Structure formats: C-alpha cells, structure tokens
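# An overview of the molecular structure
The lines below spell out each chain.
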Amino acid sequence: MKLKQDKNFDKLIERFEKKVYATAKGDWRLKLLKEDLEPFYRYPEPLTVWDAGCGFAQISAELAEKGHRLTLCDLSEKMLARAEQLFRTQDLEAEFHHRAAQALAPELSRFDLVLCHALLEWLAEPIPTLQIIADRVATGGYLSLLFYNRNAMVYTNALKGGWRLRHLLDDSYLGKGDKLTPPNPQYPHKILEQLEAWGFKIMAHTGIRVFHDYLDKEALKNSDPAELFELEYRYCRMPTYRDMGRYIHLVAQRTLNPG
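This section reports on the structure supplied with the text. (Residues numbered from 1 in each chain as written. Predicted model: local features only at pLDDT ≥ 70, side-chain atom pairs only at ≥ 80, totals over all residues. Heavy atoms only, no water.)

## Topic: the packing of aromatic side chains
- Applying the stated criterion to the full structure yields ten aromatic pairs.
- Judged by centre distance (5.2 Å) and plane angle (90 degrees), the rings of Y148 and Y247 are edge-to-face. Taken together, the positions of Y148 in strand β5 (residues 137-148) and Y247 in strand β7 (residues 247-254) put the pair 99 residues apart, joining distant regions of the chain.
- Ring centres of F211 and Y235 lie 5.6 Å apart, and the angle between their planes is 85 degrees; this geometry places the pair in the edge-to-face category. In this pair, F211 sits in the loop between β6 (200-208) and α10 (217-221) while Y235 sits in helix α11 (residues 225-235), placing the two residues 24 residues apart along the sequence.
- Site record: aromatic cluster; members linked through ring pairs are W28, F229 and Y233.
- The lysine or arginine in question, R29, covers the ring of Y247, its NZ or CZ lying 4.7 Å from the ring centre. (Phe/Tyr/Trp six-rings, centres within 6.5 Å; stacked < 30°, edge-to-face > 60°. Helix = DSSP H or I, 4+ residues; strand = E, 2+ residues; numbered from the N terminus. Lys NZ or Arg CZ within 6 Å of the ring centre and 35° of its normal.)

So, in structure tokens, the structure goes:
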C-alpha cells in the first residue's frame, strides 16, 4: 500500500502559475487576503513572520517590505527558488528553508504571525500538521489560514450531477479531479472547531469566490466582471455565503498559552 505524501509542486509550477495566479480569480484571492492582513502591513513595530509553505511568496514579500522579519519554507525546491528570486529582485531579506513545514517547525521559535496559505488541502495529514504549524504562533500572535473549502467542492460536483452524485454519496469524490484539484479540502466548521480547541479566537473570516466558481462558462461570458466581483465583495464576509467560497481565509489570534 502506497503511503500518502504531501504534494510537491516541482513538476507543476508553470501550470500552477498559469491556472492560479495569472487570472482574475487569482488576483481576487490576493486582494481579499491583503485586506484581511492589512493591520499587519500597518503594524508600527517589526513582527516575526513565518510563511509555512510559501509558494511564490507575494504576501511575504509585501510584509518584508514593511520591515517585518520573515522566515519562509516550502517542500518544493522550485517554489522556494521563485520566492528567493522575488526577494532578491526587490532587495528584501528573509530566511529560506527547503523543508516541509511540519519538519521545520520544531526547530523554530514562536512567531507573531504565521501564514499558512493554500497548504492544508495538499497535506497527507492536514489537521495534525496544522496543529504543528499553529503551535508556532506565540500567545497573542496570529495565524493567517487560507484553505480549499470542502463545502464548495461538494456543491460544485452536485451542480454538475450525473455520475458525480454517486461519488458524493459514497464520500469517494476526494482526489478525483485533475492534478490541481486538492485531495484534502476542509470543512470550515471543522477548522473553526479545531482552532477554538487550540486556544484561538477568530478575528477575520472571508470567503473567496463565493459566486464566481459556481457560474458555468456561458454564465461567466454573459456577466460583467466588474459587477460579479462587486457582488462577491458584498457577500464574501457574510455568514452562510462566506462558507461557500472556493477558499476560506481565517485570521485567528492565539488567546491561550500553547501547550
């Protein structure tokens, strides 16, 4: 029996960049993330920040530009190289580690802010690994968690109907998509329960693409993008709608001492 492993994007980096970041929906994701994290951009003193699974490190680079002290890691050597290149281009400094986040974590001190963006759904053991990462948040510090929403995956497949309904009923739909479909999406209510149990209080809760990804190609073609994203913005932080977003972003503050 083959053991499950965390996803390494070394072989998919170009496709990932084209499908995720070089799109309007990718830009929308970054816009909402930056809004939720805006207080940290304005923070008057340097913060210690760990980007666990940094990818291309757009958010980290902006935080470093504001004077914060960054530590970055990624399982993908090529992703990490892109992050290092971005920092060099902008004449920014950071510590870089070609390591899986859960392997590096025990060697790190605790941080004022930990970023865990679009990592959870690619992990072989999402919740145990998240606990290891979240443990690196200092008391009073913050966790910024972006993850692929299982609610959205269920709903999208149900709307398509056909053979997908049986997979949903059997709970066997995970891992059935293409190589960029995450194998381990998470239910928001389960993640909220875990964070609360670990001593975190939710400070921001945003759904990313609460309507966009449910529209078929014809509907998107017939829709004004500006109006669609205006609608997205109106509902993205409203209960019910926010938990139907393709991605969920949470900013959580640790209010209890780590164990």
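## Looking at the packing of helix α2 (residues 24-41) against helix α3 (residues 58-65)
- Following both chains from N to C, one finds α2 and α3 inclined at 25 degrees, their axes separated by 11 Å at the closest point. If you check the angle between α2 and α3, you find them roughly parallel. You can see that α2 and α3 cross each other, and the crossing is right-handed. Seen from α2, the contacting residues are L30, L33, K34, L37, F40 and Y41; seen from α3, they are Q58, I59, E62 and L63.
- Of the residues assigned to the contact of α2 with α3, the class counts are seven nonpolar, one polar and two charged. (Axes fitted to C-alpha atoms, helices over the stretch in contact; angles between N-to-C directions. Parallel < 35°, antiparallel > 145°, perpendicular 65-115°, else oblique. Left-handed = near helix turned anticlockwise from the far one by under 90°. Contact = heavy atoms within 4.5 Å. Nonpolar A, V, L, I, M, F, W, Y, C, P; charged D, E, K, R; others polar.)

## Re the nonpolar core
- Counting 35 residues, the largest nonpolar core has I59 and L63 as its most contacted members.
- Looking at this core, the elements that each hand over two or more residues are α2, α3, β2 (69-73), α4 (77-89), β4 (111-117), β5, β6 and β7.
- By residue number, the principal contributor to this core is α2, which donates seven residues.
- In contact with I59, not counting residues within four places along its chain, are L30, L33, K34, L37, Y41, L115 and H117.
- The next biggest cluster of nonpolar side chains, apart from the first, holds 27 residues, and it includes F111, L120, F147 and L250. (Core = buried A, V, L, I, M, F, W, Y, C linked by side-chain atoms within 4.5 Å. Buried < 20%, exposed > 50% of the residue type's maximum accessible area, 1.4 Å probe, protein only.)

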